Amino acid sequence: MKLIEMIDVSRSFGEGELKIDALKKTNIAIEAGEFVAVIGPSGSGKSTFLTITGGLQTPSSGKVLINGKPFSEVNEKKRAKLRFEEIGFILQASNLVPFLTVQDQLHLANKVAKSKVDKHKRDELLKELGILELKDKFPSDLSGGQRQRVAIARALYHDPSVILADEPTASLDTQKAFEVVEILARETKMKNKATIMVTHDERLIDYCDKVFVMKDGILSERIGG
Ligand SMILES: Nc1ncnc2c1ncn2[C@@H]1O[C@H](COP(=O)(O)OP(=O)(O)OP(=O)(O)O)[C@@H](O)[C@H]1O
Ligand SMILES: [Mg+2]
């Protein structure tokens, strides 16, 4: 089953001589259970690709389907709903809410969905990520790497079908980086999600089923080694 599909998607910024084609015409399909890496130089279009996939910005042309549902063409209200239900984001700057404790960052999803807090799942995730003892702390009391792990826990907590991660290991040491990628790989396989991870770290791509390279806005699959 295709969880993510892009059909003739492109994105440009500006006009005339200043026009930047950040993402050139892209077609891609990612199946349930697939863990995909996107690598490529700075400014090549990786974050643009990821945020369009997640509906944080709309494409200049083409369309995005998430779990078979048209995503890029619906109005902002519908898109926000779909985004909440289907997508877990781990963004380059871990965007935590400054006035909420670690556990409340997760509970926010319950508030939005009007559902009950799943204490077992919450603590399991926080434990796996090595941040259980931090659950009553505020973001300002945490290191960059700890904040990043909270962002990961929050993304996984409401069980999205699609996980989009932009440099999720950027502020972690090697050991923790491997652990985090293992968690992402495991979630993807066990729960049949589709996961896209943008990374600079080539050591992490061994965990991925496919590797795509972004260069000057062109995404192509890297075949073999
Ligand atoms: N909102 C915007 N307005 C104008 N130009 C933009 C905008 N967002 C991105 N760009 C441009 O699009 C290109 C791709 O940017 P993008 O952020 O996707 O790169 P990236 O591969 O994620 O880079 P990095 O590895 O540094 O995060 C760059 O030339 C960037 O300057
Ligand atoms: Mg980026």
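This section reports on the structure supplied with the text.

The rules behind the values
Residues numbered from 1 in each chain as written. Chains lettered and ligands numbered in written order. Predicted model: local features only at pLDDT ≥ 70, side-chain atom pairs only at ≥ 80, totals over all residues. Helix = DSSP H or I, 4+ residues; strand = E, 2+ residues; numbered from the N terminus. Rg over C-alpha atoms; globule rule 2.2 N^0.38 Å. Buried ≥ 20, exposed ≤ 12 C-beta atoms within 10 Å, placed from the backbone. Contact = placed C-beta atoms within 7 Å. Near = placed C-beta within 6 Å. Nonpolar A, V, L, I, M, F, W, Y, C, P; charged D, E, K, R; others polar. Axes fitted to C-alpha atoms, helices over the stretch in contact; angles between N-to-C directions. Left-handed = near helix turned anticlockwise from the far one by under 90°. Pairing = 2+ DSSP bridges. Right-handed = clockwise from strand over helix to strand, strands pointing away. Parallel < 35°, antiparallel > 145°, perpendicular 65-115°, else oblique.

In this section: the overall build of the protein chain. Secondary structure summary: the protein chain contains six helices and 10 strands in total. Its C-alpha radius of gyration of 17 Å places the protein chain within 12% of the 17 Å reference for a compact globule of 225 residues. Summarising its shape, the C-alpha atoms of the protein chain cover approximately 50 × 40 × 35 Å along the three principal directions. Here the protein chain holds 225 residues, and 40% of them are scored as buried. A fraction of 68% describes how many contacts in the protein chain between residues 6 or more apart in sequence connect residues 24 or more apart.

Phe13, Ile20, Ala22, Gly40, Ser42, Gly43, Ser44, Gly45, Lys46, Ser47 and Thr48 make up every residue found near ligand 1. Listed by contribution, the elements that provide at least two residues to the shell around ligand 1 are β2 (20-31) and α1 (46-53). Top element by residues in the shell around ligand 1 is α1. It accounts for three residues. The residue inventory of the shell around ligand 1, partitioned by class, reads three nonpolar, seven polar and one charged.

It is at 10 Å that the axes of helix α4 (residues 119-128) and helix α5 (residues 144-157) come closest, and there the two elements cross at 145 degrees. The interaxial crossing formed by α4 with α5 has right-handed handedness. Contacts between α4 and α5 involve Lys121, Arg122, Leu125 and Leu126 from the former and Ala153, Leu156 and Tyr157 from the latter. Taken together, the residues that form the contact of α4 with α5 break down as five nonpolar, no polar and two charged.

Most of strand β7 (residues 162-166) is tucked away: five of the five residues are buried. Of the two faces of β7, the one carrying Val162, Leu164 and Asp166 and the one carrying Ile163 and Ala165 are both buried. Here four bridges tie strand β6 (residues 87-90) to β7, and the two strands are oriented parallel to one another. Among the inter-strand pairings, Ile90 is bridged to a residue of β7, identified as Ala165. For β7 and strand β8 (residues 194-198), the ladder comprises five bridges, and the chain directions are parallel. The residue bridging Asp166 from the neighbouring strand is Val198, located in β8. The handedness of the β7 to β8 crossover, carried by helix α6 (residues 174-190), is right-handed.

Let us now look at the sheet that holds strand β1 (residues 2-13). Taken in spatial order, the four strands line up as β2-β1-β4-β5 in an open sheet, and their pairing is antiparallel. Every interior strand has two partners, whereas the edge strands, β2 and β5 (69-70), have only one.

What follows deals with α1. Most of α1 is tucked away: seven of the eight residues are buried. Listed as buried for α1 are Lys46, Ser47, Thr48, Phe49, Leu50, Ile52 and Thr53. Remark: Gly55 follows α1 within two positions and exhibits a positive phi of approximately 75 degrees.

On to the packing of helix α3 (residues 102-113) against α5. α5 packs onto α3 with a crossing angle of 25 degrees between their chain directions and a minimal axis gap of 9 Å. As the angle between them shows, α3 and α5 are arranged roughly parallel. Crossing of α3 against α5: the hand is right-handed. Seen from α3, the contacting residues are Val102, Gln105, Leu106 and Ala109; seen from α5, they are Val150, Ala153, Arg154 and Tyr157. Residue classes in the contact of α3 with α5 are distributed as six nonpolar, one polar and one charged.

Where strand β3 (residues 35-39) and strand β9 (residues 210-215) come together, four bridges link them in parallel fashion. Paired with Ala37 across the bridge in β9 is Val211. In this structure, β9 lies alongside strand β10 (residues 218-222), joined through five bridges in antiparallel fashion. Paired with Lys215 across the strands is Ile218, a residue of β10. Between β9 and β10, which pair antiparallel in sequence order, lie two residues; one of them, Asp216, sits at a positive phi of approximately 45 degrees.

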